[in-house]
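If you want the building blocks of each chain, they are given just below.
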Amino acid sequence: MKASPIYTSFSKGEISPYLYGRLDTEQYFSSLKKVRNGWIRPYGNYSRRTGSEYIGSTKNNGIARLLRFVFSNNDAFLIEVGEGYFRFFYDGAPVLSGDSVYELSNTYTANDLWNIQYSQVNDVVYMTCTGFKPKKLTRLSASSWTFNDLDFKGGPFLDDNLTATTLTPSGTTGNITITASSNTFQSGHVGSYWKIGTGVGTPAVQGYVKITAFSSATSVSATVMETLSGTGATTNWAEGAWSTVRGYPSKISFYQGRLCLANSTYQPQTRWLSRSLAYEDFTAGADADNAIVSELSSDEGNAIQWLAGSTSLVSGTAGGEFVLWAGSNSAALTPSNAFSSRQSGWGSEPIQPKKIGNNLYYVQRGSRKVREQYYSWEIDSYKSVDMTILSEHITNSGIKSIAYQQNPDNLLWCLLNDGTISLFTRELDQQVIAWGLLDTKGKYESVEAIPSLGNEYDEVYVIVNRTIDGSTKRYIERFKDMVTPEKQEDCFYLDCGLCYNAYDETDTIDLTLSDNTGDITLTADSAYFNSDMVGRKIRAINEDGDIVGQCTITAFTSDTVVSATVDTNYDFDATSYTGGYWGASVLTISGLDYLEGEEIDILADGAVLTPVTVDGGKVTIETPSWKVCLGLKFTSYLETLPLEAGSANGTSQGKKKRIYQMTFRVYRTLGMRYGSSLDNLVEISYRNPSTLMGSPEELIDGLISNLKFNGGWQDETTIVVEQSRPLPMNILAIMPIVMEVDR
């Protein structure tokens, strides 16, 4: 029996081995057995991931974490936080102070880094961390930041005192002494607020103090923050909710213009919301804009793991997910209408969730599942759906953190404990739920995404732990644009890479030619040439990047003048070129000290060159080139599920079959291999007769057909498509022709 099945969509991505036998489901026919170093786009196709560009090392190659600072789409910073310091990156480069990398000190240790939770408003990033007072990181300018304790006011306070213990203040304003009738104070109360007495004035303002010094368990010094109602002994007092004694909140978010904090040591299930649009004011009261204090409506004692502002304020605990809202998505939350309820009982990890559209994505307790929370009108409640149900194996080692990339596609980058990344594509309208796995020569240790300056995509940054020349290095790297460029010379499919562009070197230098053919004189309008350039080539390009002339330098006259001979078949189309549209070829690339001793792959002007080893921070390539990308090789591939083409007697499962011919529909693809397994691959040799000899083949759009398949007769047949060269691979459809023998 002969069959010609077609794989047209991979929109369910890599699925669990538990589902390999579920041919009765629709998902089987839009899923893959393996998705490696690629991702499924919303259109259902497989695309190879791009490479990562080397940005720099972490401080002293130490453990660090990446945070994001986004003021707007064209004003975003990457923050490196490590033990005792912050460093900042803008547009792929470290922020400098003079000639040095700008640093700001902090008091966090390496063990604290993954306990940091944060939320931003305008130029201020509010941070919490277990064991620390809430803080704020404020940008004054690109190279001037401050990091201070959150100077909150007005509260919050614990419940009013119900004991017979009295407090006696020595005054109602200024610096005073407070005396307790029994042991009340501890040294850890220094810096905390205490309210004493009743309100003063009309409307009444609650008087409270800030303890400044500890004398004994019955005596402290304090500064009056709001005027006290009197100096007599009173049982009308309340201790501040936050202090070294009671602990400080360790979870944070924003909701409806309020700063939301939660989970102190003493009150692990409490949420504190600031006054509306007064993020550091926690003054309580009955007015609509007053601060709000809310306990979870839970029958268990699980601490709050995270907060997230969505259509309601969502709180995740190890035992379930709760919402705080006004009862309507359109109503403003106030002290009088705040309503808390439990919505699900899955439980959460202390990883801040991400929002895609109106849906919230959080990591379930156990670190293996990602759940999608949304409001369901059918059940009049929030619902949490397991997004890993079809791919339970993809997060085997557990999720450490997640980052959200909005453009070009909705992608969740889930950093795993084993140093790989599970990449999740979610497109609600097209019902795309697809997982894949990314790896590299090393281990990913942190991931974060920010908008790209001047580009229509989000930049994803990673910290990668690599062993280079026998030493442990931690590099900050940036993934390039995920969308495949039109020209292969602009491709970047190498990790920890570096790119050289000769045309960038002449960006501000114009060039004049004495003629467009034969022996000519080249004149630059500022210094560019040197005597070592004799024998090198000068090339001119147009706006599309096409070659419009090329010559070889034959003699050096000065740093602005050289003699040259126009190369055969490369007459120039003009006698003058503006900066950025001409440049000199190179054979030696330096600046590779960070890859010393490593074998690296090379893409030069779109052609794949022989790998070389970095020696002395540089390499020499085999042919003069103008655009050169160098870096570490990585392998991308997909593998289909066992082929199901049907048979005269039902299923083809378990029956002998043989693929003898293949057709692929691809987009901007070149250099891929295919076969029955990773150990049995054949390279697709493709050459367009119109391509000039010596020039690299252009990227292929369309069908690649009549390909022989190298697998024999088998009971179970899968198709592997692989790319390990520094070139793109976009698979739109796979069309095998199969011979099958019924039992």
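Please read these numbers as outputs of a predicted model, since none were measured by experiment.

Calculation rules
- Residues numbered from 1 in each chain as written.
- Predicted model: local features only at pLDDT ≥ 70, side-chain atom pairs only at ≥ 80, totals over all residues.
- Heavy atoms only, no water.
- Helix = DSSP H or I, 4+ residues; strand = E, 2+ residues; numbered from the N terminus.
- Buried < 20%, exposed > 50% of the residue type's maximum accessible area, 1.4 Å probe, protein only.
- Contact = heavy atoms within 4.5 Å.
- Lys, Arg positive; Asp, Glu negative; His and termini not counted.
- Charge placed at Lys NZ, Arg CZ, Asp CG, Glu CD.
- Pairing = 2+ DSSP bridges.
- Axes fitted to C-alpha atoms, helices over the stretch in contact; angles between N-to-C directions.
- Phe/Tyr/Trp six-rings, centres within 6.5 Å; stacked < 30°, edge-to-face > 60°.
- Lys NZ or Arg CZ within 6 Å of the ring centre and 35° of its normal.
- Disulfide = S-S within 2.5 Å.
- 1 Å grid on protein atoms, 1.4 Å probe; cavity = no way out; pocket = protein on both sides within 12 Å on 5 of 7 lines; lining within 4 Å.
- Points joined across faces, edges and corners; volume = space filled by probe spheres on them.
- Nonpolar A, V, L, I, M, F, W, Y, C, P; charged D, E, K, R; others polar.
- Core = buried A, V, L, I, M, F, W, Y, C linked by side-chain atoms within 4.5 Å.
- Salt bridge = Lys/Arg side-chain N within 4 Å of Asp/Glu carboxyl O.
- Polar contact = N/O pair within 3.5 Å; in protein donor to acceptor, adjacent residues only side chain to side chain.

Draft legend 1. Expanded view of the overall build of the protein chain. The secondary structure content of the protein chain amounts to zero helices and 61 strands. Expressed along its principal axes, the backbone C-alpha trace of the protein chain runs to roughly 100 × 80 × 45 Å. When the 743 residues of the protein chain are sorted by exposure, 55% land in the buried category. Sequence separation of at least 24 residues holds for 61% of the intrachain contacts in the protein chain that already meet a minimum separation of 6. The average position of the 60 basic charges and that of the 84 acidic charges among the side chains of the protein chain differ by 7 Å.

Draft legend 2. Structural context of the sheet that holds strand 33 (residues 370-376). Strand order in this open sheet of four strands is 31-32-33-34, and the pairing throughout is antiparallel. The sheet is open, and its two borders are formed by strand 31 (354-356) and strand 34 (381-386), each paired with just one other strand. Looking at each pair of strands side by side, their axes are set apart by 30 degrees on average, direction ignored.

Draft legend 3. Focus on the packing of aromatic side chains. Applying the stated criterion to the full structure yields 39 aromatic pairs. Ring geometry for tyrosine 28 versus phenylalanine 29: centroids 5.3 Å apart, planes at 70 degrees, classification edge-to-face. Every member of this aromatic cluster is reached through a ring pair, and the members are Phe69, Phe77, Phe86, Phe88, Tyr90, Tyr102, Tyr108, Phe132, Trp145 and Phe147. Across from the ring centre of phenylalanine 71, 5.4 Å away, lies the NZ or CZ of arginine 139, which sits over that ring. Between the NZ or CZ atom of arginine 539 and the centre of the ring of tryptophan 626, over which it lies, the distance is 3.8 Å.

Draft legend 4. Here's a closer look at the state of the cysteines. Scanning the entire structure with this criterion turns up one disulfide. The partner cysteine of cysteine 499 in its disulfide is cysteine 629, sulfur to sulfur 2.2 Å. A torsion of 90 degrees about the S-S bond marks the disulfide between cysteine 499 and cysteine 629 as right-handed. In this pair, cysteine 499 is assigned in strand 42 (residues 495-501) and cysteine 629 in strand 54 (residues 627-632), connecting sequence segments 130 residues apart. Take cysteine 499: its relative accessible area is 42%, and that puts it in the partly exposed class. For cysteine 629, a relative accessible area of 7% puts it in the buried group. With no disulfide of its own, cysteine 129 lies 19 Å from the sulfur of cysteine 260, the closest cysteine sulfur. Cysteine 496 carries a free sulfur, and the closest cysteine sulfur to it, the one in cysteine 499, is 12 Å from it. Take cysteine 496: its relative accessible area is 0%, and that puts it in the buried class.

Draft legend 5. Geometry of empty space enclosed by the protein. Throughout the structure, instances matching the rule amount to three cavities of 30 Å³ or more. Around the largest cavity, the lining residues are Asn73, Asn74, Asp75, Ala76, Tyr90, Asp91, Ile450, Pro451, Leu453 and Glu459. If you list the elements that add at least two residues to the lining of the largest cavity, you get strand 7 (75-82) and strand 39 (443-451). Counted by class, the lining of the largest cavity contains five nonpolar, two polar and three charged residues.

Draft legend 6. Region of interest: the nonpolar core. With 34 residues, the main nonpolar core has Met662, Phe664, Met672, Val721, Ile731 and Ile734 as its most contacted residues. Of all the secondary-structure elements, those providing two or more residues to this core are strand 2 (32-36), strand 38 (432-438), strand 56 (656-669), strand 59 (700-708) and strand 61 (730-741). Among residues more than four places away in sequence, those in contact with methionine 672 are Phe664, Val666, Val682, Glu683, Ile684, Ile704, Val721, Glu722, Gln723, Met729 and Ile731. The next biggest cluster of nonpolar side chains, apart from the first, holds 25 residues, and it includes Leu498, Ala502, Ile602 and Ala604.

Draft legend 7. Representation of the pattern of salt bridges in the model. Within this structure, the stated rule accounts for 35 salt bridges. Salt-bridge contacts for glutamate 103 lead to lysine 59; the nearest nitrogen and oxygen are separated by 2.9 Å. Pair noted here: glutamate 103 is in strand 12 (residues 103-105) and lysine 59 is in the loop between strand 5 (52-57) and strand 6 (64-72), with a separation of 44 residues, a long-range link. A salt bridge links glutamate 80 to arginine 87; the nearest nitrogen and oxygen atoms lie 3.2 Å apart. The same class applies to glutamate 80 as to arginine 87, namely buried. Residues participating in the shared-partner salt-bridge network are Glu53, Glu459, Arg478 and Lys480.

Draft legend 8. Region of the structure containing the environment of glutamate 349. Position of glutamate 349 among the secondary structure elements: in the loop between strand 30 (339-344) and strand 31. Taking the C-alpha atoms as reference, glutamate 349 lies 9.8 Å from arginine 368; in sequence the two are 19 residues apart. Residues contacting glutamate 349, with those up to four places away along its chain left out, are Gln305, Trp306, Val363, Gln364, Arg365, Gly366 and Ser367. A polar atom in the side chain of glutamate 349 sits 2.9 Å from the backbone nitrogen of glycine 366.

Draft legend 9. Expanded view of the side chain of lysine 136. Checked against the element boundaries, lysine 136 lands in strand 15 (residues 135-141). When neighbours within four sequence positions are excluded, lysine 136 is seen to be in contact with Val124, Val125, Tyr126, Thr146, Phe147, Asn148 and Glu280.

Draft legend 10. Region of interest: the layout of surface pockets. If you add up the space inside the largest pocket, you get close to 1300 Å³. Considering the residues around the largest pocket, the lining is formed by 50 residues, among which Arg68, Tyr118, Pro353, Lys354 and Lys355 are closest to the centre. Sorting the residues of the lining of the largest pocket by element identifies strand 6, strand 13 (117-121), strand 23 (251-255), strand 27 (304-309), strand 31, strand 35 (399-405) and strand 39 as the ones contributing at least two each.

Draft legend 11. Representation of unusual backbone geometry within the structure. The amide bond that connects glycine 155 to the next residue, proline 156, takes the cis arrangement and shows omega of 0 degrees. Within the secondary structure, proline 156 is located in the loop between strand 16 (144-149) and strand 17 (167-169). The omega angle of the peptide bond from asparagine 407 to proline 408 is 10 degrees, so this bond is cis rather than trans. Among the secondary structure elements, proline 408 is positioned in the loop between strand 35 and strand 36 (411-416).

Draft legend 12. Focus on the sheet that holds strand 27. An order of 27-28-29-30 is seen for the four strands of this open sheet, with the pairing classed as antiparallel. What marks the edges here is a single partner per strand, and that holds for strand 27 and strand 30. Averaged over all neighbouring strand pairs, the angle between strand axes comes to 25 degrees, with direction disregarded. When strand 28 (residues 313-317) meets strand 29 (residues 321-325), the two strands line up antiparallel, connected through four bridges. When the bridges of strand 29 are listed, valine 314 appears paired with valine 323.

Draft legend 13. A look at the side chain of glutamate 477. Relative to the assigned elements, glutamate 477 resides in strand 41 (residues 471-479). Looking at glutamate 477, the relative accessible area reads 0%, which means it is buried. At 3.3 Å, the side chain of glutamate 477 forms a polar contact with the backbone nitrogen of cysteine 496.

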